[in-house]
Amino acid sequence: MVPQRIPAILSRMLARLRYSGPVGQPPMDETASPLTPRREFLDGVRDQLPLLLGVVPFGLIFGALALEAGVSPMGAQGLSLFVFAGSAQFVSLNLISTNAPAAVIVFTIFIVNLRHALYSASLSPHVQHLPTRWKVLLAYLLTDEAFAIAQRRYVRPRLELAHWYTLGTGVALWASWQASTLVGVLFGARIPASWSLEFALPLTFMAMLLPSLVDRPSWAAAISGGALALALRSLPYNLGLVLGAMVGVAVALLAEKDR
Amino acid sequence: MSPGTFWLAVAGGMLVTFATRVSFFALPHLDRLPPLFRRGLRFVPPAVLGALVASMLAGPIAEVGLVGAWPRLAAAGLAAVAGWRTKNAWVTIGLGLTALWLLQALAG
């Protein structure tokens, strides 16, 4: 198809050369559709779709496990609506079923979600020009999966309306998480116990853990965190988990320094 | 757990989660925190998830003993190897669950 491509490229180059208008109005690129909030938003939704395949089953499992842990249907949906953080929600179920105090649950959620500060730091330069209501909205919607897609938008050009794209990724994820939680709450109780569905939970965490093991320090973090959590299992309220996580980070920092 | 405690935990969980997400949006100067802090953030996911996986797999051992828990441990081991090879979340979870069902059927 080379002969057909050359004229198109040439005419585009010529269009650029011919252009001598005022600064601030770049030449129109006929191949790119005009940027509109709607277009950016829908692009964000579209690019998020493949990851929803991975999110929806977790939402279903969450709804089902929440009821099993003794949470009311309203409470299960409330966790998805207000906390809106999959892994932290799963961990809280563990604590709720052991009757941990609220402060322990909140602190554990904080530790598990601390990684979101990384995403916040990464997107921060791109949201500084936005009004506060946008920052609040995009922060509420900032999850692992939405960040994974949204960050790719910011390496492409024409960022004037990129916040609409980020909104699209966040809204797509949000809607599917809420809907799948609801379906899990409504139908999850019908899943027989012999299916050992609760075993999906450690497997889910394992599936999230494996891609984070990218170098020696991150292995050190996982192994030392896991070992300490095991050793301190007898501590009340999963405190061994929180301590293990903190020591794991410290060990990784030391391992990184050694290199 | 009483509804009061539960909803208190939900409200607190919402606040701390939102705080981590809005942190650098609201306070871009956080960048000037000691670099140790930024470097440490990177290791939060493996440390937290490693601790989680270990304590969750230890649960059945404490309940039913090493012998009773072997189908779970073997299934988890298989899932870890397959997940590491493929880097695919669905392989990890799907294979782990399937292996557990087969092993439990074997163990009777």
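Procedures and definitions
Within each chain, residues carry numbers counting from 1 in the order of the written sequence. Working convention: letters from A go to chains and numbers from 1 go to ligands, in the order in which they are written. The predicted origin of the model limits local features to residues at a pLDDT of at least 70 and limits the giving and counting of side-chain atom pairs to 80 or more, whereas totals for whole chains, interfaces and linings rest on all residues. Joined through C-beta atoms within 7 Å, a set of buried Ala, Val, Leu, Ile, Met, Phe, Trp, Tyr and Cys residues constitutes a nonpolar core. Residues with at least 20 neighbouring C-beta atoms inside 10 Å of their own are called buried, those with 12 or fewer are called exposed, and the rest are partly exposed, where every C-beta is derived from the backbone. An automatic or database domain assignment supplies the start and end points of every domain. Elements are defined by DSSP. Helices are runs of H or I of four residues or more, strands are runs of E of two residues or more, and each kind is numbered from the N terminus. Two residues form a contact once the distance between their C-beta atoms, set from the backbone, is within 7 Å. Charged residues are taken to be Asp, Glu, Lys and Arg, nonpolar residues to be Ala, Val, Leu, Ile, Met, Phe, Trp, Tyr, Cys and Pro, and polar residues to be all remaining types, Gly included. Here an axis means a line fitted to C-alpha atoms, over the contact stretch when the element is a helix, while the angle between two N-to-C directions is reported on a 0 to 180 degree scale. Between 65 and 115 degrees an angle is taken as roughly perpendicular, under 35 as roughly parallel, over 145 as roughly antiparallel, and anywhere else as oblique. Left-handed describes a crossing in which the near helix is turned anticlockwise from the far one by less than a right angle; the clockwise case is right-handed. Given the number of residues in a helix, its expected span is that number minus one, multiplied by 1.5 Å. One confidence number per residue, pLDDT, is output by the predictor and ranges from 0 to 100.

## Let's talk about the nonpolar core
- With 99 residues, the main nonpolar core has A:Phe205, B:Ala47, B:Val48, B:Leu52 and B:Val53 as its most contacted residues.
- Here this core gathers at least three residues from each of two domains, domain 1 (37–195) and domain 2 (213–259) of chain A.

## A few points about helix α3 (residues 73–83) of chain A
- Those residues of α3(A) that sit buried are A:Gly75, A:Ala76, A:Gly78, A:Leu79, A:Ser80 and A:Val83.
- Here the buried face of α3(A) lies against α2 (37–68), α4 (86–97), α5 (102–113) and α9 (162–187) of chain A together with α1 (3–26) of chain B.
- One or two positions beyond α3(A), positive phi appears at A:Phe84, with a value near 50°.

## Side note on the interface of chain A and chain B
- Chain A puts 71 residues into the contact, and the matching count from chain B is 54 residues.
- Mapped onto the side of chain A that touches chain B, the elements with two or more residues apiece are α3, α4, α5, α6 (116–127), α7 (132–140), α10 (200–209), α11 (216–231) and α12 (239–258) of chain A.
- A per-element tally of the side of chain A that touches chain B places α10(A) first, with 10 residues.
- Classifying every residue of the side of chain A that touches chain B gives 47 nonpolar, 20 polar and 4 charged.

## Comments concerning the packing of α2(A) against α4(A)
All names here are of chain A.
- Relative orientation of the contacting elements α2 and α4 amounts to 20°, with a least axis distance of 10 Å. Looking at the two axes, α2 sits roughly parallel to α4. Here α2 runs over α4; the crossing is left-handed. Residues Phe58, Phe62, Leu65 and Ala66 of α2 touch α4, and the partners they reach there are Gly86, Gln89, Phe90 and Leu93.
- Per-class residue counts for the contact of α2 with α4 are 6 nonpolar, 2 polar and no charged.

## Looking at the domain arrangement of chain A
All names here are of chain A.
- Partitioning chain A into structural domains gives domain 1 (37–195) and domain 2 (213–259).
- Computed over C-alpha atoms only, the centres of domain 1 and domain 2 are separated by 25 Å.
- Tallying the contact residues gives 8 residues for domain 1 and 5 residues for domain 2.
- Every element with two or more residues in the side of domain 1 that touches domain 2 is listed here: α4 and α5.
- The element that contributes the greatest number of residues to the side of domain 1 that touches domain 2 is α5, accounting for 4 residues.
- For the side of domain 1 that touches domain 2, the residue count by class is 5 nonpolar, 3 polar and no charged.

## Describing helix α3 (residues 44–86) of chain B
- Taking 1.5 Å per residue, 43 residues should reach 63 Å; α3(B) reaches only 23 Å between its end C-alpha atoms and comes up short.
- Two residues or fewer after α3(B) comes B:Lys87, characterised by a positive phi angle close to 55°.

## With respect to the environment of A:Thr98
- Take A:Thr98: it is sitting in the loop between α4 and α5.
- A:Thr98 sits in the partly exposed class, given 13 other C-beta atoms within 10 Å.

## Describing the confidence of the model for chain B
Residue and element names in this part refer to chain B.
- Of all residues in chain B, 99% attain a pLDDT of 70 or more, and the chain-wide mean is 88.
- When mean pLDDT is compared element by element in chain B, α1 scores highest at 96, while helix α2 (residues 35–41) scores lowest at 80.
- Both scores are available for the predicted complex, with the pTM at 0.75 and the ipTM at 0.85.

## Topic: unusual backbone geometry
- Positive phi, close to 60°, is recorded for A:Asn99, a residue that is not glycine.
- Position of A:Asn99 among the secondary structure elements: in the loop between α4 and α5.

## Comments concerning the confidence of the model for chain A
- The pLDDT averaged across chain A works out to 84; a share of 87% of its residues lies at or above 70.
- Scored below 50 in pLDDT, residues 1–7 of chain A makes 0 contacts in the model with residues more than four places away or belonging to other chains.

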